[in-house]
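# Structural overview
Here is how the chains run, residue by residue.
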Amino acid sequence: MRFFVRHRTLYRYSVPIRLAPHVLRLTPRALGGFQAWQEFLIEPRPWSRRDGFDGFGNGLINLEFPDMATDHLSIESRFEIEVVPPPAPVGLFLSPLPWWGAYAGAEFAPYLDDSAPEPTVAAFANGLLADVGGDALGFLHHLNHTLHGRTDRRVRLEGDARSPAETLATATGACRDLTVLFMACCRGFGIPARFVSGYQAQAESVDGQRHLHAWPEVFLPGFGWTGFDPTHGLPVADGHVALCAAPTQEATMPVEGGFWFDGTVITSTLDYTVEIDTRR
């Protein structure tokens, strides 16, 4: 599937400020696909740009701005990318769950959680695992379909993901809430899981607008990382474009930075628009 994406973020400040260095995580992870082009329109114009990668393989753009006063920061990303459907783990032989201790190396430590999941989350996951007789792939698909079917999916513009227990108890949540709950259920059985931010082709939102999307990926032995989308109840295929994948939501923030001001009381606003066109 070919994606054309335009994503604009606009910060406005009630008094003039000076921009601190910023980090952008808006470069597609073109794994299994081909990125045709990308451009950024940034105002005020930064005086320095350095491109690189973080420890999880995500593209980073480091910006520094001139020492000048401004009342806004506008960041617009435009890109085109061709996404190739990833292979599906069909016929993959996996040991029955749980996999406790199977991933003891430092490579996977960030994607596992040493603490036990919250009791209600553990009970929920154990029930799903019992339904499929311990089968690993069966559990992942069952979890994906169950979260989609039982959760009232909402758009929530502000705030971090809620705790897995809160999302489970209220049976409501945004895509980031479902992602974190899915990850907790997987990590409780020793399955490495990570948080992915990006875009998706299917526009399913109650407000009719396009937004950044989030979904989980899990690591399967002999196969690698594979994604599930509990917001839509489907495996991740060529209808998703990943920007960033990390152990936590905090490490996937699309724009990160700060500003200085003279100590006066200040307020700020954030507006954004996401436009996505697709074709096969």
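Right above here is the structure, for reference.
The paragraphs below set out a description of the structure included in this document. (Residues numbered from 1 in each chain as written. Predicted model: local features only at pLDDT ≥ 70, side-chain atom pairs only at ≥ 80, totals over all residues. Heavy atoms only, no water.)

## Digging into helix 2 (residues 136-150)
For clarity, the cut-off: Labels follow the DSSP assignment, with helices taken as runs of H or I lasting at least four residues and strands as runs of E lasting at least two, numbered in each case from the N terminus. Take the residue count of a helix, subtract one, and multiply by 1.5 Å to get its expected span. Partly exposed describes any residue whose relative accessible area lies between the buried limit of under 20% and the exposed limit of over 50%, with all areas from a 1.4 Å probe on protein chains only and scaled to the type maximum. Working rule for contacts: check all heavy atoms of both residues, and any pair within 4.5 Å makes them a contact. N or O atoms within 3.5 Å of each other form a polar contact, as long as, within protein, one can give a hydrogen and the other can take it, and as long as residues adjacent in sequence are counted only when both atoms are side-chain atoms.
With 15 residues, helix 2 should reach 21 Å at 1.5 Å per residue; the first-to-last C-alpha distance of 21 Å fits that figure. Along helix 2, the positions that sit buried rather than exposed are Ala136, Leu137, Phe139, Leu140, Leu143, Asn144, Thr146 and Leu147. At its buried positions, helix 2 is contacted by helix 1 (119-131), helix 4 (175-187), strand 9 (213-220), strand 10 (224-229) and strand 11 (234-235). Capping the start of helix 2, Asp135 holds a side-chain oxygen 2.5 Å from the backbone nitrogen of Gly138, two or three residues further along.

## Focus on the nonpolar core
For clarity, the cut-off: For our purposes a nonpolar core is just a set of buried Ala, Val, Leu, Ile, Met, Phe, Trp, Tyr and Cys residues, chained together by side-chain atoms within 4.5 Å.
With 35 residues, the main nonpolar core has Phe139, Leu140, Leu143, Cys186 and Val218 as its most contacted residues. Listed by contribution, the elements that provide at least two residues to this core are helix 1, helix 2, helix 3 (164-170), helix 4, strand 8 (193-200) and strand 9. Among the nonpolar cores identified, the runner-up in size contains 26 residues, and Ile42, Leu63, Val83 and Cys244 belong to it.

## Quick look at the pairing of strand 12 (residues 240-246)
This is how it is decided: Criterion used throughout: strands pair if DSSP finds at least two bridges between them.
Within strand 12, seven of the seven residues are buried, which leaves the element mostly enclosed by the surrounding structure. Sheet topology places strand 8 next to strand 12; six bridges connect them, and they run antiparallel. Its bridge partner lying in strand 12, Phe195 is registered against Ala246.

## Focus on the sheet that holds strand 10
As summarised here, the arrangement of the five strands in space is 11-10-9-8-12, forming an open sheet in which the pairing is antiparallel. What marks the edges here is a single partner per strand, and that holds for strand 11 and strand 12. For strand 8 and strand 9, the ladder comprises six bridges, and the chain directions are antiparallel. Residue pairing in the sheet places Gly198 in a bridge with His213 of strand 9.

## A few points about the packing of aromatic side chains
Just so we agree on the cut-off: Put simply, two rings from Phe, Tyr or Trp (the six-membered ring, in Trp's case) pair if the centres are within 6.5 Å, and we call them stacked under 30 degrees between planes, edge-to-face over 60, tilted for the rest.
This model, assessed by the stated rule, comprises twelve aromatic pairs. Between Phe139 and Phe189 the ring centres are 5.3 Å apart and the planes differ by 85°, which places this aromatic pair in the edge-to-face class. In this pair, Phe139 is assigned in helix 2 and Phe189 in the loop between helix 4 and strand 8, connecting sequence segments 50 residues apart. Residue Phe189 is classed as buried on the basis of its relative accessible area, which comes to 5%. Here the aromatic cluster, defined as three or more aromatic residues joined through ring pairs, consists of Phe56, Trp99, Tyr103, Phe108, Tyr111, Phe219 and Trp225.

## Looking at the pairing of strand 9
Within strand 9, eight of the eight residues are buried, which leaves the element mostly enclosed by the surrounding structure. Along strand 9, one buried face is formed by His213, Trp215, Glu217 and Phe219 and the opposite face, lined by Ala214, Pro216, Val218 and Leu220, is buried too. Where strand 9 and strand 10 come together, four bridges link them in antiparallel fashion. Within strand 10, the position partnered with Glu217 by the bridge is Gly227.

## Details of the pattern of salt bridges
Our working definition: What makes a salt bridge here is a side-chain nitrogen of Lys or Arg within 4 Å of a carboxyl oxygen of Asp or Glu, nothing more.
Considering all chains together, one arrives at twelve salt bridges under this definition. The shortest N-O distance in the salt bridge between Asp67 and Arg18 comes to 2.8 Å. Of this pair, Asp67 sits in the loop between strand 4 (59-64) and strand 5 (70-83) while Arg18 sits in strand 1 (residues 2-24), and the two are 49 residues apart along the sequence. Its relative accessible area of 67% is what places Asp67 among the exposed residues. The exposure class of Arg18 is partly exposed, given its relative accessible area of 39%. Arg25 is the salt-bridge partner of Glu256, the closest N and O atoms lying 2.9 Å from each other.

## Remarks on the state of the cysteines
Rules: Disulfides are defined as cysteine sulfur pairs within 2.5 Å.
All told, the structure shown has zero disulfides when counted by the stated rule. The cysteine Cys175 is free of any disulfide, with Cys244 supplying the nearest cysteine sulfur at 14 Å. Of the residues examined, Cys175 reaches a relative accessible area of 15% and is grouped as buried. Cys185 forms no disulfide, and the closest cysteine sulfur to it belongs to Cys186, at a distance of 6.8 Å. Given the relative accessible area of 1%, Cys185 is considered buried.

## Thoughts on the environment of Pro254
Note on placement: Pro254 falls in the loop between strand 12 and strand 13 (255-260). Through-space distance from the C-alpha of Pro254 to that of Thr278 is 22 Å; in sequence the pair is 24 residues apart. In this structure, Pro254 is in contact with Val23, Leu24, Arg25, Leu26 and Leu212, ignoring residues within four places of it in sequence.

## Looking at the packing of helix 2 against helix 4
Quick reminder of the rule: Orientation is described by axes fitted as lines to C-alpha atoms, over the contacting stretch for helices, and by angles from 0 to 180 degrees between their N-to-C directions. To sort the angles, those under 35 degrees are grouped as roughly parallel, those over 145 as roughly antiparallel, those from 65 to 115 as roughly perpendicular, and the leftovers as oblique. Should the near helix be turned anticlockwise from the far one by less than a right angle, the crossing is termed left-handed; should it be turned clockwise, right-handed. Basically, the charged four are Asp, Glu, Lys and Arg, the nonpolar ten are Ala, Val, Leu, Ile, Met, Phe, Trp, Tyr, Cys and Pro, and anything else, Gly included, counts as polar.
Where helix 2 meets helix 4, the axes come as close as 11 Å, and the angle between the chain directions of the two elements is 150°. With respect to helix 4, the element helix 2 is oriented roughly antiparallel. With respect to the hand of their crossing, helix 2 and helix 4 are arranged in right-handed fashion. Contacts between helix 2 and helix 4 involve Phe139, Leu140, Leu143, Asn144 and Leu147 from the first element and Leu178, Leu181, Phe182, Cys185 and Cys186 from the second. Counted by class, the contact of helix 2 with helix 4 contains nine nonpolar, one polar and no charged residues.

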